[in-house]
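If you want the building blocks of each chain, they are given just below.
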Amino acid sequence: MNDHTGRTTRDGIRIHEAGDFAGMNKAGALAARILDDIAPHVTVGQTTGALDKLIEGMVNDAGATSATIGYKGYQHASCISVNHVVCHGIPGSPIPKMNSVSRDLEKRRKDDTLKDGDILNIDVTVIVDGWFGDTSRMYIAGKAKPFAEKLIQVTHDSLMKGIEAVRPGNTFGDIGHAIQAYAEAHRMSVVYDFCGHGLGRVFHAPPNVLHSGRPGSGARLEEGMFFTIEPMINLGRAETRVLADDWTAVTRDKSLSAQFEHSVGVTSNGVEIFTESPGGVFHPTYR
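This section reports on the structure supplied with the text.

1. Considerations on helix α4 (residues 172-185)
Between its first and last C-alpha atoms α4 spans 20 Å; for 14 residues at 1.5 Å apiece the expected length is 20 Å, and the two agree. Within α4 the residues assigned to the buried category are Phe172, Gly173, Asp174, Ile175, Gly176, Ile179, Gln180, Tyr182 and Ala183. Among the structural elements, α3 (146-164), β8 (189-190), β10 (205-209), β11 (226-229) and β12 (232-234) are those in contact with the buried residues of α4.

2. Quick word on the sheet that holds strand β5 (residues 85-87)
The three strands lie next to each other as β5-β14-β13, forming an open sheet whose pairing is antiparallel. Either end of the sheet is taken by a strand with one partner, and the two such strands are β5 and β13 (240-242). Geometrically, the sheet is characterised by an average inter-axis angle of 40° between neighbouring strands, direction not taken into account. Bridging between β5 and strand β14 (residues 249-251) involves two bridges; their strand directions are antiparallel. Note that in β14 the partner of Val85 across the bridge is Val250.

3. With respect to the side chain of Ser212
Relative to the helices and strands, Ser212 resides in the loop between β10 and β11. Note on Ser212: relative accessible area 18%, which makes it buried. Once residues within four sequence positions are removed from consideration, Ser212 is found in contact with Gly176, His177, Gln180 and Tyr192.

4. With respect to the pairing of β10
As defined by bridge partners, strand β9 (residues 196-198) adjoins β10 across three bridges and the pair is classed as antiparallel. Opposite Gly196, over in β10, you have Val209 as the bridge partner. Counting the residues in the hairpin turn of β9 and β10 gives six residues.

5. Some remarks on the packing of aromatic side chains
Following the criterion strictly, the structure yields eight aromatic pairs and no others. Here the aromatic rings of Phe132 and Phe203 are separated by 5.7 Å at their centres, their planes lie at 20°, and the arrangement is stacked. Of the two residues, Phe132 is situated in strand β7 (residues 131-140) and Phe203 in the loop between β9 and β10; the sequence distance between them amounts to 71 residues. In this structure, Phe132 and Phe203 share a single accessibility class: buried. Ring centres 5.2 Å apart and planes at 85° place the aromatic pair Phe226 and Phe274 in the edge-to-face group. You can see Phe226 sitting in strand β11 and its partner Phe274 sitting in the segment after β17 (271-273), a full 48 residues away along the chain. Residue Phe226 shares its accessibility class with Phe274, and that shared class is buried. Through a chain of ring-to-ring contacts, the aromatic side chains of Phe21, Phe226 and Phe274 assemble into a single cluster.

Reading guide: rules and limits
Residues numbered from 1 in each chain as written. Predicted model: local features only at pLDDT ≥ 70, side-chain atom pairs only at ≥ 80, totals over all residues. Heavy atoms only, no water. Helix = DSSP H or I, 4+ residues; strand = E, 2+ residues; numbered from the N terminus. Expected span 1.5 Å × (residues − 1). Buried < 20%, exposed > 50% of the residue type's maximum accessible area, 1.4 Å probe, protein only. Contact = heavy atoms within 4.5 Å. Pairing = 2+ DSSP bridges. Axes fitted to C-alpha atoms, helices over the stretch in contact; angles between N-to-C directions. Phe/Tyr/Trp six-rings, centres within 6.5 Å; stacked < 30°, edge-to-face > 60°.

This is the structure in structure tokens:
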């Protein structure tokens, strides 16, 4: 479905009308509620394939549509990215093995069963009345190692630093700089190979929302812009590679990676988050 509301900037960014915020809030609320509801099922011994089937059922029960089933041939209602999988992890696929540095966290995998200490990102996008709600957050199976908990915390806080920079008159470079400065101050790396995106009545649209940048660079933010901010932060180096399935992206050095994502809209004086957790559990340790 094309997005016919509002106008488009010279950078190709859609400026939505005031009434469009309601549609985004409804779609975002469902996506966030699904991520709330899946949390009790993220346990040691659970499989990523089973989690995805539960999510697909939640989408269908809500009378919504999964945006990812059938998207460029993808056949799942979620992406589930475990440990050093950066993004686009395919539910039900074997979890890639990690290197010897993290052997205490995970042994070699031949299946998609979650083990004690695994950290995972679950990413869900739904379509409600033509509007796309897109969000992801981190989960922990069992008890995470302290370094994994720190990664999760820094990634969460990096997202929130980026959101704090969203207001009319600021630029997309201001968002990226806020994220990058915070993550690097904690000696972690920002992934450059993937970024946030515009959305609304389409899944992906301009702009590309980078998670690094220079203050004052890039397009200027205007009221009515809708987009995702979804930083991926690595404990090691920033470089990634995509596996042979053409979806799963992993860290090249096999260090742990984490991601949080919100869909937001620029308001007259700041930002509105469309994908707030209804239960206040966006962070896996409920902070």
